[in-house]
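# Descriptive analysis of the structure
Chain residues, written in single-letter form:
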Amino acid sequence: MRSILDQTYPNIEIVIVNDCTPDNSMKIIRDVMAAYPNRVNDVKIVNHTVNQGLSASRNDCIDAAKGDFLFFLDSDDWIDLETIETLVDKQHETNADIVSCQHIVNEDELKPNYIEPHYPSRDAMLTHYLTQGWHHELHGRLIRTSLFTTNEIRFIPGCNMGEDWRVTPMLVWYAQRIAFVDKYFYHYRHNDNSICFSFKTLERRSELARQTYQNFSSLFDFFKNKDRKYADVVINCCASMCFQILMGAISAKNKDLFLEFRKTMLDFPKEVRDTALSPSHAVALRLPFSYRIEVFRHSIAKRLKN
């Protein structure tokens, strides 16, 4: 909150979503705001009556915001004080629809993270994101609000894993100009209790796998009638993700998840399956007793490794 309120660029509207937080976040916000009485009117708080998750919260941010540009800042991260002013200056200079900056991960020490390359074109940027390279995160970017509103881009409520990988390419697809500031402004805090790392139960891991895959497959639906080149990249990523989920289900001895995504894998065109699978996996998955085969294969591989 302080990193936003102390920005050198003053014309900022702050939208906060209280997604039924169980901790003392809202008290912290009230305490901080008490030290900034002149900024009270700049802060808008959206209160959920039930916990809805990250994607629904981001949708509410988009709907509540009145500014021409959005900047997403995760609740445990922070930004340098000249971040917004520098990104706005670059936007005025280039008339870009998206202006990005570099990230730093804050763990034991400051170190560069997500070192984003200088893309020679929008196509290069989009291709990089779609191949699941890093840098597709939504945070740390100044984004023209109309990219969301005019093109009806929304996050899928309840799908809180892989949501950036789905939405950022959509925004880039519609962007006319992109720009980049090669400064490490965004401070990302690694948190072992975050959504990304909270794989505590079998049911939780299964649900996050389904959410991730739904975001991936939705992006294929987005591109299939727009550009076949990008759609082909995405469907191969979907098949690769499907295989990862299958192997994770074997490792976790989760037969239901395995059978669910086995069906999904078999629904891919043969040429896509052949890209994602080794010949032995391709044969095994077609057999009705494939789960037992893969469990046996996994058990043998684990013994050999030990």
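Before reading further, recall that the structure is shown in the block above.
Anyway, here's the lowdown on the structure attached to this text. (Residues numbered from 1 in each chain as written. Predicted model: local features only at pLDDT ≥ 70, side-chain atom pairs only at ≥ 80, totals over all residues. Heavy atoms only, no water.)

### Some remarks on the nonpolar core
Within the largest apolar cluster, 54 residues are counted, with the highest numbers of intra-cluster contacts made by Phe148, Leu171, Phe223 and Phe268. By residue number, the principal contributor to this core is helix H9 (residues 228-251), which donates 14 residues. Not counting residues within four places of it along the chain, the set of residues in contact with phenylalanine 148 comprises Ile62, Leu70, Phe72, Leu138, Ile143, Ile153, Arg154, Phe155, Val167 and Leu171. Of all hydrophobic cores here, the second largest spans 25 residues; its members include Ile12, Met33, Ala179 and Phe185. (Core = buried A, V, L, I, M, F, W, Y, C linked by side-chain atoms within 4.5 Å. Buried < 20%, exposed > 50% of the residue type's maximum accessible area, 1.4 Å probe, protein only. Helix = DSSP H or I, 4+ residues; strand = E, 2+ residues; numbered from the N terminus. Contact = heavy atoms within 4.5 Å.)

### A word on the packing of helix H7 (residues 163-174) against helix H8 (residues 202-223)
It is the contact of H7 with H8, at a shortest axis distance of 8 Å, that shows an interaxial angle of 20°. As far as their axial angle goes, H8 and H7 are roughly parallel. For the pair H7 and H8, the crossing hand works out as right-handed. Judged by residue contacts, Glu163, Trp165, Arg166, Pro169, Met170, Trp173 and Tyr174 of H7 engage Asn215, Phe216, Ser218, Leu219, Phe222 and Phe223 from H8. (Axes fitted to C-alpha atoms, helices over the stretch in contact; angles between N-to-C directions. Parallel < 35°, antiparallel > 145°, perpendicular 65-115°, else oblique. Left-handed = near helix turned anticlockwise from the far one by under 90°.)

### What about helix H2 (residues 25-34)?
Those residues of H2 lying buried are Met26, Ile29, Val32 and Met33. An end-on view of H2 places all buried positions within 120° of arc, on one side of the element. Residues of H2 that are buried make contact with helix H1 (2-5), strand S1 (14-18) and strand S2 (43-47). (Arc of directions from axis to C-beta.)

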